[in-house]
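So the chains spell out like this:
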Amino acid sequence: RDKPFFLYLPHTMPHWPQYASEKFAGKSKNGKWGDTVEEIDWSTGVILDKLKELEIDDRTLVIFTSDNGGAMQDGAKNDPLKGGKGSTFEGGQRVCNVMRWPNNIAAGRSCDELVTSMDILPTFAALAGTSPPTERIIDGKDISDIVLDKPDAASPHEAFYYYFKDRLECVRSGKWKLRLAQVRGGKNAEFPQLYDLEADIGETTNVAADHPDVVARLTKLADQARADLGDGDQAGKNQRPAGRVENARGLTDPQAEEQR
């Protein structure tokens, strides 16, 4: 209570194998997946209650968010967004993001500016009066002005890039989203596809033919991403190899548990 602290709590329960504790098993109408959602909801309440008990809830920033859209095969509904987890449609990319910081964030307001989970590191650094690491490229941006609802605060991202594994599929800039290709499915579709996400959040109408200038601008941004991060067989100059752990075992692997 008397010192600065940081807590990162990534629940693994909604992932396979899905499970919930005995108190919540079978309590929802949506199977194991729904049970875990209810338990996470309860768990979040416990954390907020503890902050209040310690009398630090008014000066503690709490962020509740997710890493991807709902998994449709598990019963999630992302309407009016198209697609779900594992896709580069908005249903797979847009997530809930709730921030609570009573003395700094006004209650009941919302924001439509584009931000990403990559922004959390540089934003927390700024709010703590320090800076993120400088020995590597940090793709996130400081969005503290947006968090604090400062006048004219806007997204610091000129573009956001949607990758499926190592393939660049889409580029977003402002309200425009350009689909360059689709790795899974859509074999008979024509590309590029341009969507106005302000008017068509469900990505239903391709307006590429009506806005060739926007297509050209976003295509140039895509070329910048390929040069920086790569695209399939095309390596990017700042692309780092994936990390590897020798003899890795999952946390739910019975043999790994026995070895402990």
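Structural data are supplied above this passage.
Residues numbered from 1 in each chain as written. Predicted model: local features only at pLDDT ≥ 70, side-chain atom pairs only at ≥ 80, totals over all residues. Heavy atoms only, no water.

1. A closer look at the overall build of the protein chain
Part 1 of the argument: Across its full length, the protein chain holds 6 helices and 6 strands.
Part 2 of the argument: Starting at the N terminus and ending at the C terminus, the protein chain contains elements arranged as α-β-α-β-α-α-β-β-β-β-α-α.
Part 3 of the argument: Taken over the C-alpha atoms alone, the protein chain extends approximately 55 × 50 × 40 Å along its principal axes.
Part 4 of the argument: For the protein chain, the residues scored as buried account for 31% of the 260 residues in total.
Part 5 of the argument: The long-range fraction of contacts in the protein chain, counting pairs at least 24 apart against all pairs at least 6 apart in sequence, stands at 46%.
Part 6 of the argument: Carbon and sulfur atoms form 50% of the exposed surface of the protein chain, whose accessible area is close to 17,600 Å².
Part 7 of the argument: Distance from the positive charge centre (34 side chains) to the negative charge centre (42 side chains) of the protein chain: 2 Å. (Helix = DSSP H or I, 4+ residues; strand = E, 2+ residues; numbered from the N terminus. Buried < 20%, exposed > 50% of the residue type's maximum accessible area, 1.4 Å probe, protein only. Contact = heavy atoms within 4.5 Å. Areas by Shrake-Rupley, 256 points an atom, 1.4 Å probe, with all protein chains shown as cover. Lys, Arg positive; Asp, Glu negative; His and termini not counted. Charge placed at Lys NZ, Arg CZ, Asp CG, Glu CD.)

2. A word on the pairing of strand 6 (residues 193-196)
Part 1 of the argument: Residues Gln193 and Tyr195 of strand 6 are buried on one face, and the alternating residues Leu194 and Asp196, pointing to the opposite face, are buried as well.
Part 2 of the argument: Sheet analysis places strand 5 (residues 176-179) next to strand 6, joined by 4 bridges and oriented antiparallel. Following the sheet pairing, Trp176 is matched in strand 6 by Asp196. (Pairing = 2+ DSSP bridges.)

3. Some points on unusual backbone geometry
Part 1 of the argument: The omega torsion of the bond from Asp79 to Pro80 falls at 5 degrees, within 30 degrees of zero and hence cis.
Part 2 of the argument: Within the element layout of this structure, Pro80 appears in the loop between strand 1 (62-65) and helix 2 (90-93).
Part 3 of the argument: Residue Pro192 follows Phe191 across a cis peptide bond; omega there is 5 degrees.
Part 4 of the argument: Relative to the helices and strands, Pro192 is located in the loop between strand 5 and strand 6.
Part 5 of the argument: If you check the backbone angles, Glu203 has positive phi at about 50 degrees while not being a glycine.
Part 6 of the argument: Among the structural elements, Glu203 can be located in the loop between strand 6 and helix 5 (212-229).

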